[in-house]
Structures are given as C-alpha cells and as structure tokens.
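Coordinates in review
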Amino acid sequence: MICERCSNETHRPEKCTYCGRMVCRDCEKSSKNSKKEGRLVICKTCWGGMKKRQKFKTA
C-alpha cells in the first residue's frame, strides 16, 4: 500500500479520521481508542488545524 500523504510504501496504513486519507506510521501524529467512536487516528496535516485537533482531544 502507498501512503496518500507522503507517497511512501507501507505495510499497515491507517485511515485518518478527519481527512479520510490512508497514512503510514510516520505521517500519523496520534491515535487513541474511544469508547463511542472506536479507533481515532489523526495525521500530521490535520493536527495543524486547531478545530480538528480540539475535536480529537475532546473525543
């Protein structure tokens, strides 16, 4: 699989919850398990947006 953010090849990409892109472990800024929403992943690009970051932190 190819990372949609950096175009590197990766074996285990994860889908960013906020932009919907498949990102590799290097492009993944943070992830956590939420009881309501399941697994949340935020990429480095979405981490720069304050509204997306606040939504991630409050979940």
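Up top you'll find the structure we're talking about.
Now for a quick tour of the structure. (Residues numbered from 1 in each chain as written. Predicted model: local features only at pLDDT ≥ 70, side-chain atom pairs only at ≥ 80, totals over all residues. Heavy atoms only, no water.)

One non-glycine residue, serine 7, adopts positive backbone phi at about 65 degrees. With respect to the helices and strands, the residue serine 7 is situated in the segment before β1 (14-15). (Helix = DSSP H or I, 4+ residues; strand = E, 2+ residues; numbered from the N terminus.)

The subject of this paragraph is the pattern of salt bridges. Should their charged atoms come close, side chains of opposite charge can pair. If you walk through the whole model with that rule in mind, you get 3 salt bridges. Linking arginine 25 and glutamate 14 is a salt bridge whose minimum nitrogen-to-oxygen distance equals 3.4 Å. Taken together, the residues arginine 25 in the loop between β2 (22-23) and β3 (28-34) and glutamate 14 in strand β1 connect sequence positions 11 residues apart. Judged by its relative accessible area of 53%, arginine 25 is exposed. Taken together, the shared-partner salt bridges connect Glu14, Arg25, Glu28 and Arg39 into one network. (Salt bridge = Lys/Arg side-chain N within 4 Å of Asp/Glu carboxyl O. Buried < 20%, exposed > 50% of the residue type's maximum accessible area, 1.4 Å probe, protein only.)

This paragraph deals with the side chain of glutamate 28. Locating glutamate 28 in the fold gives a position in strand β3. Side-chain polar atoms of glutamate 28 contact the side chain of serine 31, separated by 3.3 Å. Leaving out residues up to four positions away in the same chain, glutamate 28 has contacts with Glu14, Arg39, Val41, Ile42 and Cys43. (Polar contact = N/O pair within 3.5 Å; in protein donor to acceptor, adjacent residues only side chain to side chain. Contact = heavy atoms within 4.5 Å.)

It is worth spelling out the nonpolar core at this point. Core analysis: the largest hydrophobic core is formed by 12 residues, namely Cys3, Cys16, Tyr18, Val23, Cys24, Cys27, Leu40, Ile42, Cys43, Cys46, Trp47 and Phe56. Listing elements by their share of this core, those giving two or more residues are β4 (38-43) and α1 (44-47). Considering every element that reaches this core, the biggest residue donor is β4, with 3 residues. (Core = buried A, V, L, I, M, F, W, Y, C linked by side-chain atoms within 4.5 Å.)

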